[in-house]
Amino acid sequence: MSEKRTGAQVMCEALIRNGVEVMFGIPGGAIMPFYHAMWEYRDKLRHVLCRHEQGAGHAAEGYARATGRLGVCIGTSGPGATNLVTPIADAMMDSVPLLAITGQVASHVLGKDAFQETDITGITMPITKHNYLVKRAEDLPYVFEEAIYIATTGRPGPVLIDVTKDAQQATIVPDWNIKLDLPGYKPNYRPNLKQVREAIKLILSAKKPLIIAGHGIIMSGAVEELRAFAERTRIPVITTLHGIGAFPEDHPLSIGMPGMHGWVHVNRAIQECDVLFNIGGRFDDRVTGKASTFAPNAKVIHVDIDPSEIGKNVKVTVPIVADARLALQAFLNEFPPDNEAFAELHGHASDWMEHIREMQAKHQPKQQYLNRADTENMSLPPHDVYAALTKALNSRGNYRVVTDVGQHQMWAAQLIDWYRPRTHITSGGAGTMGFAVPAALGVAIAHPNDTVWVICGDGGFQMTNQEMATIVQEGIKNIKIAVINNGYLGMVRQWQELFENKRYSGTPLSGPDFAKLAEAYYWKGITVEHTSQVEAAIEEAYATDGPVLIDFRVEREVNVFPMVPQNKSISEMILESPHRS
Amino acid sequence: MKKHTIVALVQDRPGVLSRVVGLIRRRGYNIESLAVGHSETPGVSRMTIVVEWEDVEQVVKQLYRLIEVLKVSDVTNDPIVEREMALMKLHAPPSKRPEIVALTEVFDAKIVDVGANTMVIEMTGSPAKVQNFVDVIRPYGIKEMMRTGRIAMVRGARGHNAEEYVENANGHAERVPVMN
Ligand SMILES: Cc1ncc(C[n+]2csc(CCOP(=O)(O)OP(=O)(O)O)c2C)c(N)n1
Ligand SMILES: [Mg+2]
């Protein structure tokens with residue numbers, strides 16, 4: 001144990017000690033000692049060479065989001081580090097446990113505008129949970145231990161460690177006897193039982209209760225507990241964009257997604273409900289619409305591990321700071337043992353559910369939405385792609401879907417049937433176009449036996465598709481890309497159509513022949529222009545032993561509905577384009 | 001908007017001041033004054049921040065998200081002792097000196113330097129008293145002034161001793177495994 005090591009070797013050993021198995025990155029001058037050392041550890045520590053540091057960051061995020069484990073990305077100083085900024089910000093918004101390791105110029109030239117020097121700790125201060133500049137090799141064991149602990153505990157998030165080149169090169173005898181000194185960091189996992197009992201009282205007296213299940217359910221692994229809670233109380237369950245998979249959509253208590261592109265019956269139910277139990281969601285403005293008009297009749301119970309989320313956007317009657325799983329366990333323990341106590345609630349909940357289902361039948365439920373009359377004359381309405389893909393996913397199982405940002409993302413959330421946690425992976429809080437292709441690389445490495453479907457737009461695809469080369473170099477075969485190619489930055493075009501008099505400023509978009517591009521990357525490329533070709537293309541993608549891209553050239557000007565205009569009440573939903581019937 | 005006085009205990013680590021300031025800057029608030037220095041406990045610094053805030057509770061919660069922050073409280077409505085110090089270099093030709101000396105005596109200020117045509121005065125007191133003194137002395141001609149910004153302490157037994165936070169810090173906090 002007391003052998004001499006270089007700082008770079010210490011970094012590798014610290015990662016291995018903390019269970020890291022794979023890292024995504026690109027080398028360069030200031031991080032070369034670390035690359036030199038990781039060669040010795042390559043049996044335990046796999047390095048995936050990406051084509052852009054942004055890709056490395058999203059790949060690490062994909063790995064983390066698909067597993068709940070730490071994702072690790074690496075860049076050199078200067079531009080290598082700044083290229084990591086977007087995925088770091090993305091991980092911050094979505095609470096993803098991410099460790100970014102960057103090389104830094106030698107300590108004696110710090111602050112002197114040395115070649116490729118950038119103050120990356122300064123730059124990332126507001127977009128990391130914490131960050132470090134390490135100038136001495138002796139500090140590396142402690143800093144890595146603390147950084148990983150912070151990234152993966154409490155509300156997870158990105159942590160950056162910037163290591164000067166001389167600290168990587170110096171030889172030391174590492175001290176692995178580490179005692180964390182974090183007096184200011186004590187995540188509160190266990191709920192206050194008094195608050196839990198208070199919440200139970202409120203729930204038992206409710207006539208129109210709702211559950212909002214957020215990302216916290218998935219991050220804390222509370223899927224079973226949520227199901228037990230819902231079944232015990234018979235309260236309808238809403239799943240947010242990041243809550244997708246927290247509760248199976250075929251469950252009789254599942255009612256779907258809320259918010260800007262949520263279902264009408266869900267938003268209406270929120271506006272009518274009297275008790276709103278939000279567990280692990282943060283009342284994002286894409287969920288609440290204009291926050292002051294959100295759930296006007298509801299007493300709100302909010303469970304979140306981050307105290308600063310409580311009361312931030314919505315007034316809360318019963319705040320509970322806790323891990324979602326431990327909180328739900330506490331509820332299940334504290335519930336009255338006899339079913340009698342639930343009789344009244346069950347009666348109200350069943351009337352309430354009946355009312356919600358009636359609204360659902362009236363206002364664009366999934367099926368009606370898929371068969372919209374105005375798609376009849378289109379040769380390839382996007383919905384036909386989703387219908388066929390959903391069918392394939394359901395019949396074959398073992399899938400993960402990674403979506404990018406835009407119309408195609410919202411259609412995926414709306415139209416695919418979601419059942420399991422960590423099967424729907426997307427950039428929610430930051431809405432980072434270009435997320436999907438590199439993230440899928442991380443997901444595919446984490447789950448080599450699943451088929452990883454990327455659903456992306458022609459815009460986002462053109463931001464980061466170079467990682468297709470990484471996928472080939474790594475021998476990854478279980479990725480299939482569906483480009484929903486509408487020749488527009490579609491979501492922006494939709495806003496222009498609906499709110500800016502169709503002034504399509506900066507949104508029409510051309511691209512290369514995506515299938516040919518795929519072939520150039522040694523992928524199989526397929527072009528689909530008509531609904532009749534969709535199923536066969538998906539079959540071919542499955543039948544191909546290797547990565548496949550399908551370029552779905554869909555109808556160009558189709559919109560995502562329902563839609564709540566930005567900063568409007570979620571009562572004000574647009575259901576179709578004004579110029580269509 | 002109301003002015004608030006916030007007292008924060010923070011671990012003394014590189015970057016901590018940047019983090020605290022960045023968090024306030026992010027919301028576009030202007031810091032009226034900020035004083036940082038050692039607390040009674042080694043390794044812990046104490047800050048007094050004065051700022052006009054709408055939603056102080058949120059900002060306090062946000063400050064708690066910073067890893068090095070041990071304790072934050074809004075002491076605006078608490079019984080507190082507040083002090084500020086100012087150094088002022090005055091235009092003080094010999095003819096004006098008797099008046100200036102008289103005023104410093106009334107305000108309990110100190111004359112710490114006398115030059116040919118200048119005097120440096122040290123004034124310590126409650127922020128209101130310091131302000132009063134500045135207003136009274138300004139007509140004589142202030143050539144330079146530096147105010148420290150206020151520091152605050154709650155009266156009586158209640159307060160912000162840092163030791164308890166540091167003592168509880170040993171070892172790892174609970175780690176709840178993810179089960180999926
Ligand atoms: C990096 C980045 N730049 C810009 C945006 C703004 N934006 C949101 S959706 C969108 C359009 C996306 O177009 P495309 O990828 O083709 O998807 P579509 O909406 O057409 O399905 C844009 C530009 C963004 N979210 N991310
Ligand atoms: Mg598009």
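Residues numbered from 1 in each chain as written. Chains lettered and ligands numbered in written order. Predicted model: local features only at pLDDT ≥ 70, side-chain atom pairs only at ≥ 80, totals over all residues. Heavy atoms only, no water.

Each helix and strand counted, chain A has 24 helices and 20 strands in total. The C-alpha atoms of chain A give a radius of gyration of 25 Å, which matches the 25 Å a tight globule of 581 residues would have. Across its three principal directions, the C-alpha atoms of chain A cover 70 × 60 × 40 Å. Across the 581 residues in chain A, those meeting the buried criterion constitute 63%. Summarising the internal contacts of chain A: among those between residues at least 6 apart in sequence, 77% fall at separations of at least 24. Total accessible area on chain A stands at roughly 21400 Å², and carbon and sulfur atoms take up 49% of it. Counting 54 positive and 64 negative side-chain charges, chain A places the centres of these two groups 2 Å from one another. (Helix = DSSP H or I, 4+ residues; strand = E, 2+ residues; numbered from the N terminus. Rg over C-alpha atoms; globule rule 2.2 N^0.38 Å. Buried < 20%, exposed > 50% of the residue type's maximum accessible area, 1.4 Å probe, protein only. Contact = heavy atoms within 4.5 Å. Areas by Shrake-Rupley, 256 points an atom, 1.4 Å probe, with all protein chains shown as cover. Lys, Arg positive; Asp, Glu negative; His and termini not counted. Charge placed at Lys NZ, Arg CZ, Asp CG, Glu CD.)

Let us look at the coordination of the magnesium ion (ligand 2). All names here are of chain A. Surrounding the magnesium ion (ligand 2) are the protein donor atoms Asp458 (OD), Asn486 (OD1) and Tyr488 (O), which sit 2.1 to 2.2 Å from the metal. Taken in sequence order, the residues that donate to the magnesium ion (ligand 2) follow the motif D-x27-N-x1-Y. In this pair, Asp458 is assigned in helix α20 (residues 458–464) and Asn486 in the loop between β18 (479–485) and α22 (490–499), connecting sequence segments 28 residues apart. Take Asp458 and Asn486: they sit in the same class, and that class is buried. (Donors = N, O, S within 2.8 Å, 3.2 Å for Na, K, Ca; no water.)

Here we come to the domain arrangement of chain A. All names here are of chain A. Annotation of chain A at the domain level lists domain 1 (5–172), domain 2 (193–363) and domain 3 (371–553). Placing the centre of domain 2 and that of domain 3 at their C-alpha centroids yields a distance of 31 Å. With 17 residues of domain 2 at the contact, the number on the domain 3 side is 18 residues. Counting the surface lost from both domain 2 and domain 3, the interface buries some 1500 Å², and carbon and sulfur atoms represent 65% of this. Considering only the surface of domain 2 that becomes buried against domain 3, Leu241, Ile244 and His261 emerge as the three largest contributors, covering 36% of it. Put simply, domain 2 and domain 3 have zero salt bridges between them. Applying the counting criterion to the domain 2 and domain 3 interface returns four residue pairs in polar contact (both at pLDDT 80 or more). Classifying every residue of the side of domain 2 that touches domain 3 by side-chain character gives ten nonpolar, three polar and four charged. (Domains from an automatic or database assignment. Buried area = accessible area lost by both parts, 1.4 Å probe. Salt bridge = Lys/Arg side-chain N within 4 Å of Asp/Glu carboxyl O. Polar contact = N/O pair within 3.5 Å; in protein donor to acceptor, adjacent residues only side chain to side chain. Nonpolar A, V, L, I, M, F, W, Y, C, P; charged D, E, K, R; others polar.)

Residues and elements named next belong to chain A. Inspection of the entire model under this criterion finds 16 aromatic pairs over all chains. Where Tyr149 meets Tyr185, the ring centres are 5.9 Å apart and the plane angle is 85°; that geometry is what we call edge-to-face. Residue Tyr149 is found in helix α7 (residues 140–152), and its partner Tyr185 is found in the loop between β8 (171–172) and α9 (193–204); the two are separated by 36 residues along the sequence. Ring centres of Phe331 and Phe335 lie 6.3 Å apart, and the angle between their planes is 55°; this geometry places the pair in the tilted category. There is no split in this pair, since Phe331 and Phe335 are both buried. Each residue in the set Phe229, Phe277, Phe331, Phe335 and Phe342 is aromatic and connected to the rest through ring pairs, giving one cluster. Residue placement shows Arg396 over the ring face of Tyr542; its charged tip is 4.0 Å from the ring centre. Stacked on the ring of Tyr488, the Lys or Arg Arg493 has its end atom at 5.4 Å from the ring centre. (Phe/Tyr/Trp six-rings, centres within 6.5 Å; stacked < 30°, edge-to-face > 60°. Lys NZ or Arg CZ within 6 Å of the ring centre and 35° of its normal.)

Residues and elements named next belong to chain A. Near ligand 1 you find 17 residues, and of these Gln407, His408, Gly431, Gly460 and Gly490 are the closest. With respect to ligand 1, the backbone of Gln407 contributes an N or O atom lying 2.8 Å from an oxygen atom. Between an oxygen atom of ligand 1 and a main-chain N or O atom of Gly460, the distance comes to 2.7 Å. Alone, ligand 1 offers 580 Å² of accessible surface; in the complex the protein occludes 76% of this. (Near = heavy atom within 4 Å.)

It is worth spelling out the domain arrangement of chain B at this point. Residues and elements named next belong to chain B. According to the domain assignment, chain B consists of domain 1 (2–78) and domain 2 (81–151). Of note, the centres of domain 1 and domain 2, computed from C-alpha atoms alone, are 29 Å apart. Between domain 1 and domain 2, the contact holds seven residues from the first and five residues from the second. Between domain 1 and domain 2, a total of about 400 Å² is buried, with carbon and sulfur atoms accounting for 53% of that surface. Among the residues domain 1 hides against domain 2, the three largest losses belong to Ser33, Ala35 and Thr48. Together they make up 59% of the total. The tally of links between domain 1 and domain 2 comes to zero salt bridges.

Now for the sheet that holds strand β9 (residues 209–213) of chain A. All names here are of chain A. Taken in spatial order, the six strands make up an open sheet running β11-β10-β9-β12-β13-β14, and their pairing is parallel. Edge positions in the sheet fall to β11 (254–256) and β14 (318–321), since each has one partner strand and no second. Each strand of the sheet is rotated relative to its neighbour by a mean of 20°, with strand direction disregarded. Where strand β13 (residues 299–304) lies against β14, four bridges are found, and the strand directions are parallel. From the neighbouring strand, His302 faces β14, where its bridge partner is Pro319. Sitting on the sheet, helix α11 (residues 223–233) is in contact with β9, β10 (237–239) and β12 (275–279), with an inclination near 170° to β9. (Pairing = 2+ DSSP bridges. Axes fitted to C-alpha atoms, helices over the stretch in contact; angles between N-to-C directions.)

Where interface size is quoted, it is often the accessible area lost as the parts come together. In this complex, chain B contributes 29 residues to the contact, which on the side of chain A involves 38 residues. The partner of Glu146 of chain A in a salt bridge is Arg13 of chain B, with the nearest N and O atoms 2.7 Å apart. Viewed at the interface, chain A and chain B are joined by eight residue pairs in polar contact (both at pLDDT 80 or more). The greatest single-element share of the side of chain B that touches chain A, amounting to four residues, is contributed by helix α2 (residues 56–65) of chain B. When the residues that make up the side of chain B that touches chain A are grouped by side-chain class, the tally is twelve nonpolar, ten polar and seven charged.

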